[in-house]
Amino acid sequence: MTKLRLGVNIDHVATVRNARGASYPDPVRAAEMALAAGADGITAHLREDRRHISDADIDALAAITRRRGRPLNLEMAVTPEMEAIALAHLPHAACLVPERREEVTTEGGLDVARGHNAIKPLIGRLSAAGIRVSCFIDADLDQVAAAASAGTAVVELHTGAYCDAVRERSPEAAVLLDKLRNAAREAAALGLEVHAGHGIDYETVKPVAAIPEVMELNIGHFLIGEAIFIGLGPAIQRMRALMDEARSVRAA
Ligand code: PXP
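As the structure is a prediction and not an experimental result, all values here were calculated from the model.

Caption draft 1: Quick peek at the overall build of the protein chain. What the protein chain contains, in helices and strands, is 11 helices and 8 strands. Computed over C-alpha atoms, the radius of gyration of the protein chain comes to 17 Å, within 12% of the 18 Å expected from 2.2 N^0.38 for 252 residues, which places it in the range of a compact globule. The 252 residues of the protein chain split such that 50% are buried. Across the protein chain, the fraction of contacts at a sequence separation of at least 24, relative to all contacts at a separation of at least 6, is 67%. In the structure as shown, the protein chain presents an accessible area of about 11,100 Å², 55% of it carried by carbon and sulfur atoms. Computing the positive centroid from 28 side-chain charges and the negative centroid from 34, the protein chain places the two 5 Å apart.

Right under this line is the structure:
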């Protein structure tokens, strides 16, 4: 089975920095460390309210990932402002996410079915500029079909509900994992590359990583939290090892 890629989301290094209005900790330093520790790429979400990552962070992250020949995945809302920023930086990838100011984090997937009229042309413009576009969607077959018809190359499946259910020891977890598996299978059958992310920790990473169609995981909050206790490099290395274990069990 193909090796699963790990994108490390460094947004919450900026959250800690911004809590004090200081210049540290620096998300760019975290990105360098993440790449050195085995991350395949760096993911960052430039939110409309700039609550964590700033425009200057994106400038710097684009520069270091380009210098190192490693992918930057820019998570962005479907807005003209974010489109202009993506086109100015030409990151390797852009992941279209829903965004509401009042939410604490990205609470649900993008409604590609309802937003088709705005999303499809945006995917066309970003793709024409050479950016690999992904739509962050719930594990829902209608959303998978809508994303495929909008012309996206990739869907990233929202794993948040599954990860919450596991943490709460809810019996729903098994149902939600099945939904992720079905959505991944359907997306791959439609010719889409499949990624997954949100809320993943050491416990939930293996079942998600074992879904054979999934090619990339994007993980942030847990890793940055774990870095407080064991350091960012070791946290990433442990996550990487769990991902590889899940894949090798499937392959065996
Ligand atoms: N993927 C997407 C599209 C996201 O919006 C986020 C959160 O920014 C993540 C992955 C990472 O989620 P977490 O920080 O919970 O690991």
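Caption draft 2: Up close: the environment of Asp55. Examined against the element boundaries, Asp55 turns out to sit in helix α3 (residues 55-68). Considering only alpha carbons, one finds Asp55 and Arg5, 50 residues apart in sequence, at a separation of 26 Å. The contact partners of Asp55, leaving out residues within four places of it in the chain, are Leu46, Arg50 and Ile85. A polar contact is formed between the side chain of Asp55 and the side chain of Arg50, at a distance of 2.6 Å.

Caption draft 3: Geometry of the sheet that holds strand β4 (residues 93-96). Within the closed barrel, the 8 strands sit side by side as β1-β2-β3-β4-β5-β6-β7-β8. Their pairing is parallel. Neighbour-to-neighbour, the strand axes of this sheet turn through a mean angle of 25 degrees, independent of strand direction. Inspection of the sheet shows strand β7 (residues 193-197) paired to strand β8 (residues 214-219) by 4 bridges, in the parallel sense. Along β8, the bridge assignment pairs Ala196 with Leu217.

Caption draft 4: Representation of the layout of surface pockets within the structure. Reported here for the largest pocket is a volume of approximately 730 Å³. His12, Thr105, His198, Gly199 and His221 are, among the 33 residues lining the largest pocket, the residues nearest its centre. Looking at the lining of the largest pocket, the elements that each hand over two or more residues are α1 (11-19), β6 (154-158), α7 (160-167), β8 and α10 (221-230). At 4 residues, the largest contribution of residues to the lining of the largest pocket is made by α7. Of the residues assigned to the lining of the largest pocket, the class counts are 8 nonpolar, 16 polar and 9 charged.

Caption draft 5: Region of interest: helix α4 (residues 80-89). Buried within α4 are the following residues: Met82, Glu83, Ile85, Ala86 and His89. Mapping the buried residues of α4 onto a view down its axis gives an arc of 165 degrees, with all of them on the same face. Residues of α4 that are exposed and point more than 90 degrees away from the buried face comprise Pro80 and Ala88. Contact partners of the buried residues in α4: α3, β3 (72-76) and α5 (116-128). Backbone geometry just after α4 places Leu90 at a positive phi near 45 degrees.

Caption draft 6: Region of the structure containing the site of the ligand. Close to the ligand lie 15 residues; Glu75, Glu156, Gly199, Gly220 and His221 are nearest. Asn9 is positioned with one of its side-chain polar atoms (N or O) 3.4 Å from an oxygen atom of the ligand. Here His221 contributes a backbone N or O atom positioned 2.8 Å from an oxygen atom of the ligand. Burial of the ligand by the surrounding chains reaches 95%, relative to a free accessible area of 400 Å². One can see that the ligand is located within the largest pocket.

Caption draft 7: Broad picture of α10. Residues of α10 that are buried include every one of Leu223, Ile224 and Glu226, and no others. Down the axis of α10, the smallest arc covering the buried residues is 165 degrees, so these residues share one side. For α10, the exposed residues lying more than 90 degrees away from the buried face are His221, Ile228 and Phe229. In the stretch just after α10, Gly231 is the one whose phi turns positive, near 95 degrees.

How each quantity is defined
Residues numbered from 1 in each chain as written. Predicted model: local features only at pLDDT ≥ 70, side-chain atom pairs only at ≥ 80, totals over all residues. Heavy atoms only, no water. Helix = DSSP H or I, 4+ residues; strand = E, 2+ residues; numbered from the N terminus. Rg over C-alpha atoms; globule rule 2.2 N^0.38 Å. Buried < 20%, exposed > 50% of the residue type's maximum accessible area, 1.4 Å probe, protein only. Contact = heavy atoms within 4.5 Å. Areas by Shrake-Rupley, 256 points an atom, 1.4 Å probe, with all protein chains shown as cover. Lys, Arg positive; Asp, Glu negative; His and termini not counted. Charge placed at Lys NZ, Arg CZ, Asp CG, Glu CD. Polar contact = N/O pair within 3.5 Å; in protein donor to acceptor, adjacent residues only side chain to side chain. Pairing = 2+ DSSP bridges. Axes fitted to C-alpha atoms, helices over the stretch in contact; angles between N-to-C directions. 1 Å grid on protein atoms, 1.4 Å probe; cavity = no way out; pocket = protein on both sides within 12 Å on 5 of 7 lines; lining within 4 Å. Points joined across faces, edges and corners; volume = space filled by probe spheres on them. Nonpolar A, V, L, I, M, F, W, Y, C, P; charged D, E, K, R; others polar. Arc of directions from axis to C-beta. Near = heavy atom within 4 Å. Sits in = over half its atoms within 2 Å of the grid points.

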